[in-house]
Amino acid sequence: MSAPSEPRADRPRELVVALTKAGRTKIRHPAELVRDDGVRVTVRAPWAAPGVRDFGFVRFEPGDVFTEHYWRDRWFAVKEVRTGGGVLKGWYCDITRPAELADGVLAVEDLDLDLWVPADGSTVLRLDEDEFAASGLAERDPAAAGAAASALDELEDLARTEGLAGLLG
């Protein structure tokens, strides 16, 4: 585990977020380190994919800013999504193995399950459960599959009751 840190002027504030899925790199993007308390690493980055991605329930587009929260002891990441003008779109949550930070790279393994919560909290959408079932994780690593399913349930319950903002404070 890397030491907790607050970004300082004499220390590089940039790191790379490396998201893998099924053993392959899904995306690597630079991000600004906002905070690292030893358990949670928070980074900020612009929308990293080229062009617009329209999911039907939300559009991610150039100019959007993601404040991404990764835990070393939890099986999820929560990404607060805002327009370039600062308007909150909502929270996109990835179910992942606990994050690891070493040598300026924040490594995260995506386990297919996702959750979307719009800014107004009007709906909570569980996503990609079919991909998760088809991934074979339950057969290869039943403990990880169980942890992933529990993490999704935990996030959904939190989103429906207290909201996700409290988790990120």
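Please read all numbers here as calculations on a predicted model, not as lab measurements.

**Student:** I'd love a proper account of the overall build of the chain, names of residues and values included.
**Tutor:** Of regular secondary structure, the chain possesses four helices and 11 strands. Here the chain has a C-alpha radius of gyration of 16 Å; the compact-globule value for 169 residues is 15 Å, and the two agree. In terms of overall dimensions, the chain has a C-alpha envelope of 45 × 35 × 30 Å along the principal axes. Here the chain holds 169 residues, and 42% of them are scored as buried. Taking contacts inside the chain between residues at least 6 apart in sequence as the whole, the part at least 24 apart equals 46%. Just so you have it, the chain exposes about 8700 Å², and 52% of that area is on carbon and sulfur atoms. Positive and negative side-chain charges of the chain, numbering 21 and 31 respectively, have mean locations separated by a distance of 4 Å.

**Student:** Describe the pairing of strand S6 (residues 65–71), and please don't skip the residues or the numbers.
**Tutor:** Every regular strand shows the same layout, with side chains that alternate between the two sheet faces. With six of its seven residues buried, S6 lies for the most part within the structure. Bridge count between strand S3 (residues 40–46) and S6: seven bridges; the pairing is antiparallel. When the bridges of S6 are listed, Ala-45 appears paired with Phe-66. Strand direction decides the pairing type here: S6 and strand S7 (residues 76–82), joined by six bridges, are antiparallel.

**Student:** An account of the confidence of the model for the chain is needed here, citing residue identities and associated values.
**Tutor:** Overall, the prediction assigns the chain a mean pLDDT of 92, with 93% of residues at 70 or greater. This model gives residues 5–10 a pLDDT under 50, and the stretch forms 12 contacts once residues within four places in sequence are excluded.

**Student:** Quick one: what's the story with the nonpolar core, residue by residue and with numbers?
**Tutor:** Residues Phe-76, Val-78, Ile-95, Leu-155, Leu-164 and Leu-167 are the most contacted members of the largest nonpolar core, which totals 24 residues. Taken together, the elements giving at least two residues each to this core come down to S7, strand S8 (88–96), strand S10 (105–118), helix H3 (142–161) and helix H4 (165–168). With eight residues, H3 is the single largest residue contributor to this core. Apart from residues no more than four positions distant in its own chain, Leu-164 is found in contact with Val-78, Trp-91, Cys-93, Val-117, Leu-155, Leu-158 and Ala-159.

**Student:** Talk me through the packing of aromatic side chains; I want residue IDs and the actual numbers.
**Tutor:** What the rule picks out here adds up to 11 aromatic pairs. Ring geometry for Trp-47 against Phe-66: centres 5.7 Å apart, planes inclined by 25 degrees, an arrangement best described as stacked. One end of the pair, Trp-47, is in the loop between S3 and strand S4 (53–54); the other, Phe-66, is in strand S6, with 19 residues separating them in the sequence. Take Trp-47 and Phe-66: they sit in the same class, and that class is buried. When the ring of Tyr-92 is compared with that of Trp-116, the centres are 6.4 Å apart and the planes differ by 45 degrees; the resulting orientation is tilted. Of this pair, Tyr-92 sits in strand S8 while Trp-116 sits in strand S10; the two residues are 24 residues apart in sequence, bridging distant segments of the chain.

**Student:** Could you give an account of the pairing of strand S2 (residues 24–36), with specific residues and numbers?
**Tutor:** In this structure, strand S1 (residues 14–21) lies alongside S2, joined through eight bridges in antiparallel fashion. Residue pairing across strands places Val-16 opposite Pro-30, the latter belonging to S2. The turn joining S1 and S2, which pair antiparallel and follow one another in sequence, is formed by two residues; a positive phi near 55 degrees is taken by Ala-22. Bridge count for S2 against S3 is four bridges, and the pairing is antiparallel. Paired with Leu-33 across the bridge in S3 is Val-43.

**Student:** Could you give an account of the pattern of salt bridges, naming the residues involved and the relevant values?
**Tutor:** Any two side chains of opposite charge can pair, on the condition that their charged atoms come close. The final tally for this structure, using the stated rule, is 19 salt bridges. In this structure, Asp-37 engages Arg-35 in a salt bridge whose closest nitrogen and oxygen atoms are separated by 3.8 Å. Where salt bridges share partners, they join Asp-54, Arg-59, Glu-61, Asp-64 and Lys-89 into one cluster.

Thresholds applied
Residues numbered from 1 in each chain as written. Predicted model: local features only at pLDDT ≥ 70, side-chain atom pairs only at ≥ 80, totals over all residues. Heavy atoms only, no water. Helix = DSSP H or I, 4+ residues; strand = E, 2+ residues; numbered from the N terminus. Rg over C-alpha atoms; globule rule 2.2 N^0.38 Å. Buried < 20%, exposed > 50% of the residue type's maximum accessible area, 1.4 Å probe, protein only. Contact = heavy atoms within 4.5 Å. Areas by Shrake-Rupley, 256 points an atom, 1.4 Å probe, with all protein chains shown as cover. Lys, Arg positive; Asp, Glu negative; His and termini not counted. Charge placed at Lys NZ, Arg CZ, Asp CG, Glu CD. Pairing = 2+ DSSP bridges. pLDDT = per-residue confidence, 0-100. Core = buried A, V, L, I, M, F, W, Y, C linked by side-chain atoms within 4.5 Å. Phe/Tyr/Trp six-rings, centres within 6.5 Å; stacked < 30°, edge-to-face > 60°. Salt bridge = Lys/Arg side-chain N within 4 Å of Asp/Glu carboxyl O.

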